[in-house]
Amino acid sequence: MGKTLAEKILSLKSQSDVRAGDIVIAPVDLVFVQDTTGPLTIRQFQESGFGVLAESQKTAVFLDHAAPSPSQHLSNDHAFLRQFAKETGSALFEVGSGICHQLVAEHFANPGDIIVGADSHTVTAGALGAFATGMGSSDVAVILALGKTWFRVPESFLIDLGGTFPEGVYAKDLILYLIGQIGADGATYKALEFGGEALSQMTMSQRLTIANMAVETGAKVGLFPSDEITHNFLTAQGRGDGYKPLYTNAKAVYEQVISVNLNELEPMLSYPDAVDRVFAVSKARGIRIHQVFIGTCTNGRLEDLAIASSILEGKKRHLDTRLLIAPASRQVLAQAIEKGYIGALIDSGAVILPPGCAACLGLHQGIPGDGEVCLSTANRNFKGRMGNPNAMIYLASPATAAASALRGEITDPREV
Amino acid sequence: MRAKQSNLKGKAIKLGNNISTDDIIPGRFAHLRSNLPELAKHILEDVAPSFCARVEPGDFLVAGRNFGLGSSREHAPLVIKMSGISAVLAKSVARIFFRNAINQGMPVLLCDTDKIADGDELEINLSDGLITNLTSRPLPNKVGSGEGLLSSGARLRSSKTPSFMLAILEEGGLIPYIRKHKDFIIRCSSEPY
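Residues numbered from 1 in each chain as written. Chains lettered and ligands numbered in written order. Predicted model: local features only at pLDDT ≥ 70, side-chain atom pairs only at ≥ 80, totals over all residues.

(A) Spotlight on the overall build of chain B. Of regular secondary structure, chain B possesses seven helices and nine strands. Burial statistics for chain B: of 193 residues in total, 45% are counted as buried. Contacts in chain B between residues far apart in sequence, at least 24 positions, make up 66% of those at least 6 positions apart. (Helix = DSSP H or I, 4+ residues; strand = E, 2+ residues; numbered from the N terminus. Buried ≥ 20, exposed ≤ 12 C-beta atoms within 10 Å, placed from the backbone. Contact = placed C-beta atoms within 7 Å.)

In structure tokens, the structure reads:
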């Protein structure tokens with residue numbers, strides 16, 4: 001009998017022949033915390049009675065959610081995490097390095113790895129074929145101590161992708177469409193596994209966008225097989241040695257198969273206050289937007305900034321619409337400067353924020369006002385998510401965001 | 001709270017579907033995450049402003065579908081526990097929240113929560129997952145018809161919690177469990193979930 005990607009990785013790592021539904025203990029290759037979940041995790045680690053980190057793994061600390069810190073409390077949390085990193089020899093990614101999930105993709109994730117982060121969007125690294133999932137502070141504290149954790153081997157949904165993206169339609173539109181189809185709890189405790197002929201033309205940046213939002217269906221992981229595109233990405237990051245082929249067997253058993261023809265997709269939008277309230281942008285044209293935010297672990301990569309820049313270059317944002325842009329990492333920022341994207345975006349009236357989570361989760365750098373509407377390229381639009389429960393958040397692709405910034409209202413990117 | 005001690009008793013405080021971790025403890029209070037008593041004052045403040053005033057020690061938080069979706073912040077089950085809630089009942093819960101709640105020593109029971117009304121007095125036996133409604137009242141869809149009174153003692157069964165998760169609950173959470181056992185004392189298994 002064949003195995004899904006999830007069954008393959010967890011079998012290999014637990015050195016047993018496991019199937020969906022089994023409970024396994026498996027070693028963790030990379031464990032990490034960020035600045036809003038880290039302090040509780042570290043305190044729990046200290047309470048666990050284990051003074052030292054397990055040696056079998058890599059440990060990383062990312063200062064990205066409040067970067068630079070906007071308050072005394074958060075500055076003290078940062079100081080606490082820096083001290084922990086120093087004492088334990090964990091890798092510390094300082095303020096300005098970028099978002100944890102982008103940095104995990106750039107520096108750590110390999111096909112077949114198990115990665116656990118104290119952050120729900122840890123699933124992002126599934127783009128590289130890593131079994132990457134988010135857990136809470138207690139679970140992560142125990143991984144720090146033991147270097148391993150328990151997993152329930154998930155049943156898998158195969159997302160079979162055919163065709164190619166039409167003009168103006170991107171990976172974000174695909175994953176929003178899928179979330180609309182599956183629902184916010186339709187894949188709870190499952191694995192989404194992506195496959196099909198469309199993968200051969202799907203860039204790593206697009207895969208990261210898709211894997212990132214797998215958790216918005218309730219899924220535990222969003223997994224891509226590894227291929228030449230994975231190998232090329234790793235080689236470009238100086239980590240070509242980490243490449244391993246990872247693919248499913250033809251006879252793998254899936255709980256569901258969802259087939260999507262990319263040719264039939266159009267630009268999509270999540271309506272406030274739920275990620276699975278998904279409609280076509282063409283049905284929402286004309287909704288007034290006060291703030292556009294392009295960035296986050298979902299859509300803050302070089303390709304995303306290239307798309308935004310191509311739409312905004314030589315033009316100006318709408319006078320009544322603020323445009324905030326946060327590159328996902330220092331590497332992305334440096335490359336976007338070199339390519340001229342940042343210059344073009346600044347000329348169009350954009351505010352460039354430091355690499356990090358920025359306005360995504362309501363701590364700083366762009367909290368919308370009462371009654372204001374924000375169009376964001378992030379992954380969540382829950383009430384209050386951006387720091388104000390009286391604001392509304394729509395989610396869309398960088399192309400839709402850039403087009404909407406030009407007109408000051410929700411705009412189909414195929415029209416500009 | 002040690003989950004195994006006895007039957008739990010309290011009133012139901014009902015919430016709707018898709019209560020996210022941002023609803024439970026909004027991200028804008030992240031600066032208070034190292035000051036838990038202060039953070040806990042903001043529990044559910046945007047979606048259920050009366051929660052803090054109503055909740056009494058031992059009460060149950062009774063939700064609909066997909067409770068606790070969103071962020072991995074364990075502060076969510078932590079502030080629920082700090083408020084005095086002794087167990088969460090829901091039709092379904094998000095994966096990370098489920099692990100986090102158990103890891104905090106707070107039982108999560110999956111059941112048809114439509115059968116429970118806000119304010120109902122409940123008794124829960126954790127060892128068999130049986131929920132007994134101690135309230136007598138007209139059934140919601142039979143109001144005015146003079147029949148269909150829910151008699152005290154109506155029972156509701158919840159789905160089974162995997163035994164190794166019960167073991168974590170019995171120790172009061174994952175950290176006390178690990179402090180005691182120094183390791184996971186479970187073996188690979190094919191337990192239905």
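Now, onward.
(B) Focus on the confidence of the model for chain B. Averaged over all residues, the pLDDT of chain B is 88; the fraction at 70 or higher stands at 87%. In the model output, the complex is listed with pTM 0.96 alongside ipTM 0.95. (pLDDT = per-residue confidence, 0-100.)

(C) Molecular detail of the sheet that holds strand β9 (residues 154–157) of chain B. Residue and element names in this part refer to chain B. The sheet built from seven strands is open, its strands ordered β4-β3-β2-β1-β5-β6-β9 with mixed pairing. Looking at which strands have only one partner, the edges of the open sheet turn out to be β4 (108–110) and β9. Adjacent strand axes in the sheet meet at a mean angle of 30 degrees when their direction is disregarded. Two elements, strand β3 (residues 87–90) and β4, share three bridges in a ladder whose sense is parallel. Bridged to Ala90 within β4 is Leu110. (Pairing = 2+ DSSP bridges. Axes fitted to C-alpha atoms, helices over the stretch in contact; angles between N-to-C directions.)

(D) Representation of the packing of helix α6 (residues 171–182) of chain A against helix α7 (residues 204–212) of chain A. All names here are of chain A. Packing of α6 against α7 brings their axes to within 9 Å, and their N-to-C directions diverge by 25 degrees. Overall, the two elements α6 and α7 adopt an arrangement that is roughly parallel. Judged by the sense of rotation from one axis to the other, the crossing of α6 with α7 is right-handed. The segment α6 lies against α7, with Ala171, Lys172, Leu174 and Ile175 engaging Gln206, Thr209 and Ile210. (Parallel < 35°, antiparallel > 145°, perpendicular 65-115°, else oblique. Left-handed = near helix turned anticlockwise from the far one by under 90°.)

(E) Here's a closer look at the domain arrangement of chain A. Residue and element names in this part refer to chain A. Split by domain assignment, chain A resolves into domain 1 (5–262) and domain 2 (271–410). For domain 1 and domain 2, the distance between their C-alpha centroids amounts to 24 Å. Of the residues lining the interface, 33 residues belong to domain 1; the matching set on domain 2 comes to 28 residues. A breakdown of the residues in the side of domain 1 that touches domain 2 according to their chemical character gives 13 nonpolar, 15 polar and five charged. (Domains from an automatic or database assignment. Nonpolar A, V, L, I, M, F, W, Y, C, P; charged D, E, K, R; others polar.)

(F) Structural context of the environment of Ala358 of chain A. Residues and elements named next belong to chain A. Its location among the elements puts Ala358 in the loop between β16 (351–352) and β17 (373–376). When the 29 C-beta atoms within 10 Å are taken as the criterion, Ala358 is described as buried. Taking the C-alpha atoms as reference points, Ala358 and Phe194, separated by 164 residues in sequence, lie 29 Å from one another. Those residues in contact with Ala358 that lie beyond four places of it in its chain are Gly295, Leu324, Ala326, Leu353, Gln365 and Gly366.

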